[in-house]
Structures are given as structure tokens and as C-alpha cells.
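If you want the building blocks of each chain, they are given just below.
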Amino acid sequence: MQISQKYLKMSNNFYNGVSLKTRVLKTEQSSEAITEAAKLLRDGQVVAFPTETVYGLGANALSETAVAKIFEAKGRPQDNPLIVHISKFEQINYLVRSLPDEALILAEKFWPGPLTLVLPASDVVPQIVTAGLKTVGIRMPDHKVALDILNECELPIAAPSANISGRPSPTTAMHVLEDLDGKIPLIVDGGAASVGIESTVLDLSGKIPVILRPGGVTFEKLKEILGNVLIDKSVMNFLEDDEIPASPGMKHMHYAPIAQMIVVRGDCENVKQRIKELSQEYIKQGKKVGVLATAETIGQYSDGCEIISVGTRLRPESIAANLFASLRHFDRLLVDVILAEGIDTENEGLAVMNRMLRASGFCLIDV
Ligand code: TXA
Ligand code: MG
């Protein structure tokens, strides 16, 4: 595996734990991986496993000491709450204080699937999971391996994305290994995640549902069912130091490649033109440039830079599926600067642009 020196340094900086031997077990050949994962989870250990969105790093959501191991392995800030994963709808009754009608309707329509519902937490949910909030995020993943593990261990499982905090979320077992090798006992390899970006986080604890993080279940789909749904300001805007985010995670640096990333947004022709100009400028400065292009534009960039087509503009979900893997790929190529084409924010495009803006630290050029 090829990992840059810069990255190794970064990973070591975050690492406080004792080095473990990390096993990677594939699910295709046998059920050993599921049995082993369930056993470790019941023993209070952490396990990385696939979901349809990204790989998660799970632990028993009801055990404070087990959940603490997630924070330690990831180097995750304590003020960022975790999503609790369930495999049977009835489990929700134990975890929440009240269940609004919207939650029932949405779960019926979108679970299992990439939608997290934020609801008033019951007393059984430890503070470390909610980061001291009165609410808890819950979702039922749409992935056979995840559901098999949840069913076999018979526990609600708290699981953030299985990356070092701040890095692009992992969509393959290899990405998890890049970040967490030696820090966790087991990675269950169930192939590449299909959605590629994390679930939509929808806050149902107030009067009007609010999207705290856009994802695979889009604003348009939610609006069709709920009628009224808001998008939190932090989804597309940089929050100043004195602003309190509705979702603590939105304050932290996220999804960032090692390379500097710049998002160029606007009319497609202007975007291409500006990226061409910028790439020439950076190349003149002796920098290695990566261009995150789309199927529609990839043929139009000149030599001298690394170019990836992340997907087609006609299907933003195809861009979502490849986005994080592309950022990690650029890091392996040791590029200094990533110039990314912005896309329209309709449907899955909103989630893609939310991730791109955060990955770039809101380094945005409008053309
Ligand atoms: O698709 C996903 O959601 C993946 C897979 C593994 O399920 N998980 C994931 O977890 O993305 P994580 O920890 O990387 O992101 C959880 C997000 C954070 O932005 C966090 O702030 C927000 O959900 N969140 C969790 N509980 C919350 C709560 N009670 N109130 C507000 N935001 C919450
Ligand atoms: Mg995450």
C-alpha cells in the first residue's frame, strides 16, 4: 500500500492507543467475519464494517467504555455526537423518549437506507454517544453485512465513519486500513460502499424538520413527503467562531485530503476555463496538480496534471459514489493542489457540494 510520508505523520499525530494487529475479513467466502465482528462488539471492542453509505467504526452504543474506544481510534473531538445503528425498527422505542409521526412515516419509506433521524434521546443512551445533547441520531443501514452484524450481536451500534477524524470518509476496507491499521482489531470487508457519502441527518426534534447534513435521501425527496423541511445554514455556509451549529459535527474540519483543495463553482464553461488557468499557474510554480473533473469535461483539460472523472453531471449520485475515493486517490498520487469542479446543488448535488466545500475548508471560487 502506498501512503505518503505526510499522511503517516498525520496518522501518528492522532494516535494515542496501543498498537493492535488489525485483521481484515472478507464476507464473500464465509460467515466467519460476521460472527467474529458480533463477538468483538459484544465484548466491548470496536469493529469497522461496511454500510451502503461509507464504512462505519462500530461499538456497543449502550456502553460508555466501548464507545470511548471509537473516539480514541479516530482522534475524534468529544463534542461530536455519534449515530446509533439499528436493524429492527422496534429497537428505536428503547432509544428515544418520543416518536413523532414524521419519524414513523420516514422510517417506513426510507429505512433501511441513508437517512439518520435525530430524536429526543432516552436515558439509556450514554452521554458520550450524544455528546451531552438531549437528542440522538438513529439509522437503519441498507447493507446486508451491516444488518447481519447488528442482528447477530443484538445491540444498537454507535458508528461514525471509519476514518481518522478530518480525513475523507472510507468507502472501501482498504481506506479504513489506510487510516486505522494497528488501532482496531477487525475490519469486515464487504466491498465498496454504493452511496459513497454519509447519510442525510434530519433533525425531527423541533417543530419543523431540519436537514443538518444532506445525503442520499435528498431534500427534494423529504420535501415531497414532509411538505415543509428546512436546510440548516451550516450545510452550505462557513460558520464563524461565535456561531453555534445545530449539528456539532458541522463545526469541525471534515473530509479533507492532504492536498490543498479549491472548488470552482459556476457556469460549466467558466469553471473549465478557470481550472485550466489555475492549473497552468500552479504547474509553473512547480506544483503537482489534480483536477477533479466530470465525464462531460474530462477530455478538455491539457496534459501536465492528474485528471479524474468523478462521475457524470447528469447523475450527481455517481459523483457522490466516487468523491471520497477520488480525494484519497489524489493523496496517493501526492498532488499538491486539487482543483475541483463544482456542480449543481439539485438532488444529490447538494450533498456533493456540502462535502466538497468542507473538504476544501470553504476554499471556493465563484465564476
Ligand atoms: O452514513 C452515515 O451516517 C455513516 C455510517 C457509518 O452510518 N456515519 C456517519 O457518522 O457519517 P459520523 O459520525 O461521521 O457523522 C455523524 C454526523 C455528525 O455530523 C454529527 O454531528 C451528526 O451526525 N449527529 C449525530 N448525532 C446528532 C445529534 N443528536 N444532533 C445533531 N447532529 C448529530
Ligand atoms: Mg464522519
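Residues numbered from 1 in each chain as written. Chains lettered and ligands numbered in written order. Predicted model: local features only at pLDDT ≥ 70, side-chain atom pairs only at ≥ 80, totals over all residues. Heavy atoms only, no water.

Draft legend 1. Just the sheet that holds strand S4 (residues 83–85), in detail. If you trace the 11 strands from one edge of the open sheet to the other, you get S1-S8-S2-S3-S7-S4-S6-S5-S9-S10-S11, paired in mixed fashion. Strands with a single pairing partner mark the edges of an open sheet, and in this sheet they are strand S1 (23–26) and strand S11 (230–231). Here strand S3 (residues 56–60) pairs with strand S7 (residues 157–158) via 2 bridges, running antiparallel. Across the sheet, the residue bridging to Asn60 is Ile157, located in S7. (Pairing = 2+ DSSP bridges. Helix = DSSP H or I, 4+ residues; strand = E, 2+ residues; numbered from the N terminus.)

Draft legend 2. Up close: unusual backbone geometry. Of note, the bond from Trp111 into Pro112 is cis; its omega dihedral lies within 30 degrees of zero at -10°. Looking at the element boundaries, Pro112 is found in the loop between helix H5 (101–110) and strand S5 (115–120). The backbone of Leu334 shows a phi angle near 60°, a positive value even though the residue is not glycine. Tracing the backbone through its elements, the reader meets Leu334 in the loop between helix H11 (316–332) and strand S15 (337–341).

Draft legend 3. Examining a nonpolar patch on the surface more closely. A contiguous nonpolar patch, built from Leu62, Tyr94 and Val124 and spanning about 240 Å² of accessible area, is present on the exposed surface. Relative to the assigned elements, Leu62 resides in the loop between S3 and helix H3 (64–74). A relative accessible area of 31% means that Leu62 is categorised as partly exposed. (Patch = residues over 30% accessible without salt bridge, like charges linked within 9 Å, V, L, I, M, F, W, Y side chains within 5 Å. Areas by Shrake-Rupley, 256 points an atom, 1.4 Å probe, with all protein chains shown as cover. Salt bridge = Lys/Arg side-chain N within 4 Å of Asp/Glu carboxyl O. Buried < 20%, exposed > 50% of the residue type's maximum accessible area, 1.4 Å probe, protein only.)

Draft legend 4. Seen up close, the environment of Val310. Mapped onto the elements of the fold, Val310 is located in the loop between strand S14 (306–309) and H11. Looking at Val310, the relative accessible area reads 2%, which means it is buried. Sequence separation between Val310 and Thr294 is 16 residues; the distance between their C-alpha atoms is 5.4 Å. The contacts of Val310, once residues within four sequence positions are left out, are Leu292, Ala293, Thr294, Ser318, Ile319, Asn322, Leu323 and Ser326. (Contact = heavy atoms within 4.5 Å.)

Draft legend 5. Up close: the site of ligand 1. Neighbouring residues of ligand 1: 27 residues in total, closest Thr53, Arg76, Asn80, His85 and Ser199. Within the side chain of Arg213, an N or O atom sits 2.9 Å from an oxygen atom of ligand 1. Alone, ligand 1 offers 680 Å² of accessible surface; in the complex the protein occludes 97% of this. Going through the elements one at a time, S4, strand S6 (135–139) and strand S10 (210–213) are the ones with two or more residues in the shell around ligand 1. Sorting elements by how many residues they give to the shell around ligand 1 places S6 first, with 4 residues. Along the lines of polarity and charge, the residues of the shell around ligand 1 split into 13 nonpolar, 10 polar and 4 charged. (Near = heavy atom within 4 Å. Polar contact = N/O pair within 3.5 Å; in protein donor to acceptor, adjacent residues only side chain to side chain. Nonpolar A, V, L, I, M, F, W, Y, C, P; charged D, E, K, R; others polar.)

Draft legend 6. Focus on the pairing of S10. Where strand S9 (residues 200–203) lies against S10, 3 bridges are found, and the strand directions are antiparallel. The partner of Leu202 across the bridge, within S10, is Ile211. Counted between consecutive antiparallel strands, the loop separating S9 from S10 contains 6 residues. As judged from the 2 bridges shared by S10 and S11, these two strands associate in the parallel manner. Counted as the bridge partner of Ile211 is Ile231 from S11. Following the chain from S10 across helix H9 (residues 219–226) to the adjacent parallel S11, one finds a crossover that is right-handed. (Right-handed = clockwise from strand over helix to strand, strands pointing away.)

Draft legend 7. Molecular detail of the nonpolar core. Ranked by size, the top nonpolar core spans 49 residues in total, and within it Leu202 and Leu222 carry the most contacts. Of all the elements, H3 adds the most residues to this core, at 5 residues. Leaving out residues up to four positions away in the same chain, Leu202 has contacts with Leu106, Leu115, Thr116, Leu117, Val118, Pro209, Val210, Ile211, Leu222, Leu226 and Val229. Within the second largest apolar cluster, 24 residues are counted, among which are Ile197, Ala259, Ile319 and Phe330. (Core = buried A, V, L, I, M, F, W, Y, C linked by side-chain atoms within 4.5 Å.)

Draft legend 8. Fine view of the sheet that holds strand S16 (residues 364–366). The 5 strands are arranged S14-S13-S15-S12-S16 in an open sheet whose pairing can be described as parallel. The open sheet has two free edges, formed respectively by S14 and S16, since each of these has just one partner strand. The sheet shows a mean angle of 20° between the axes of neighbouring strands, direction not considered. Here strand S13 (residues 289–293) pairs with S14 via 4 bridges, running parallel. Considered in S14, the bridge of Leu292 is made with Ile308. (Axes fitted to C-alpha atoms, helices over the stretch in contact; angles between N-to-C directions.)

Draft legend 9. Here's a closer look at the packing of H5 against H9. Relative orientation of the contacting elements H5 and H9 amounts to 130°, with a least axis distance of 11 Å. Taken as axis vectors, H5 and H9 run oblique relative to one another. The hand of the H5/H9 crossing is right-handed. Along the contact surface, H5 presents Glu102, Ile105, Leu106, Lys109 and Phe110, while H9 presents Lys221, Leu222, Ile225 and Leu226. Looking at side-chain class alone, the contact of H5 with H9 contains 6 nonpolar, no polar and 3 charged residues. (Parallel < 35°, antiparallel > 145°, perpendicular 65-115°, else oblique. Left-handed = near helix turned anticlockwise from the far one by under 90°.)

Draft legend 10. Region of the structure containing the packing of aromatic side chains. Overall, the coordinates contain 3 aromatic pairs when judged by the stated rule. Here Phe238 and Phe362 contribute two aromatic rings whose centre-to-centre distance is 5.6 Å and whose plane-to-plane angle is 70°, an arrangement assigned as edge-to-face. Of this pair, Phe238 sits in the loop between S11 and strand S12 (260–265) while Phe362 sits in the loop between helix H12 (349–359) and S16, and the two are 124 residues apart along the sequence. On the basis of relative accessibility, which here comes to 49%, the residue Phe238 falls in the partly exposed class. (Phe/Tyr/Trp six-rings, centres within 6.5 Å; stacked < 30°, edge-to-face > 60°.)

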